[in-house]
Amino acid sequence: MSYPQLVQGMRVVTAQFLNSLAYFEVLFCLAALCAITLKKQWPEYWSLGAFLATRFLSDIILIPLWHLSIPVPGQSPAIAHNAYIAYFYVYWISFALESVLALIVVYSIFRLA
């Protein structure tokens, strides 16, 4: 096996691994939200719950948009372009919201300690 074939094979494995991590992140956020809710810890950890809920919802929206933004032969380029624009705005809006919530989470951890 030549070096370019090896690198191409590693890229495929890495892309599949990263896609799997994105799906697992959705599951872990949902599991953590369920744990906070079932243990009735929402009043103490509302900021963490809000952060996880924002992350969960943004992932649910961003994963399909990512797959739509990849150009496919026979598909209109406008679909991929519009999906990319939607991905761009959803990503940055959720990033800004998550950044604020992350600061609140850190503050609440210090306050609980």
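From a predicted model like this one, the values you see are computed outputs, not experimental measurements.

*Asks:* What should I look at first to understand the side chain of Glu-98 in this one?
*Replies:* You can see Glu-98 is positioned in helix 3 (residues 77–112). Given the relative accessible area of 8%, Glu-98 is considered buried. With near-sequence residues (within four places) excluded, Glu-98 lies in contact with Phe-51, Thr-54, Arg-55 and Ser-58.

*Asks:* Just to check I follow, could you spell out the side chain of Thr-54 for this structure?
*Replies:* The topology assignment puts Thr-54 in helix 2 (residues 46–69). According to the relative accessible area criterion, Thr-54 is buried, its value standing at 16%. Leaving out residues up to four positions away in the same chain, Thr-54 has contacts with Ser-94, Leu-97, Glu-98 and Leu-101.

*Asks:* Please clarify how the nonpolar core should be interpreted in this entry.
*Replies:* Of all hydrophobic cores here, the largest spans seven residues; its members are Val-26, Cys-29, Leu-33, Ile-36, Leu-52, Phe-56 and Ile-63. Looking at this core element by element, the count peaks at four residues for helix 1 (residues 3–38). Not counting the four nearest positions on each side in its chain, Val-26 is found in contact with Phe-56, Asp-59, Ile-60 and Ile-63.

The rules behind the values
Counting restarts for each chain: residues are numbered from 1 in the order of the written sequence. Note on the predicted model: pLDDT of at least 70 is required for a residue's local features to be given, and 80 or more for side-chain atom pairs to be given and counted; whole-chain, interface and lining totals, by contrast, use all residues. In computing side-chain properties, one takes all heavy atoms of the structure into account and sets aside hydrogens as well as water. Helix and strand labels come from DSSP, where a helix needs a run of H or I of at least four residues and a strand needs a run of E of at least two; each type is numbered from the N terminus. Buried means the residue's accessible area, taken with a 1.4 Å probe over protein chains only, is under 20% of the maximum for its type, while exposed means over 50%, and partly exposed covers the values in between. Every residue pair with non-hydrogen atoms within 4.5 Å of one another is taken to be in contact. We define a nonpolar core as any set of buried Ala, Val, Leu, Ile, Met, Phe, Trp, Tyr and Cys residues linked to one another through side-chain atoms lying within 4.5 Å.

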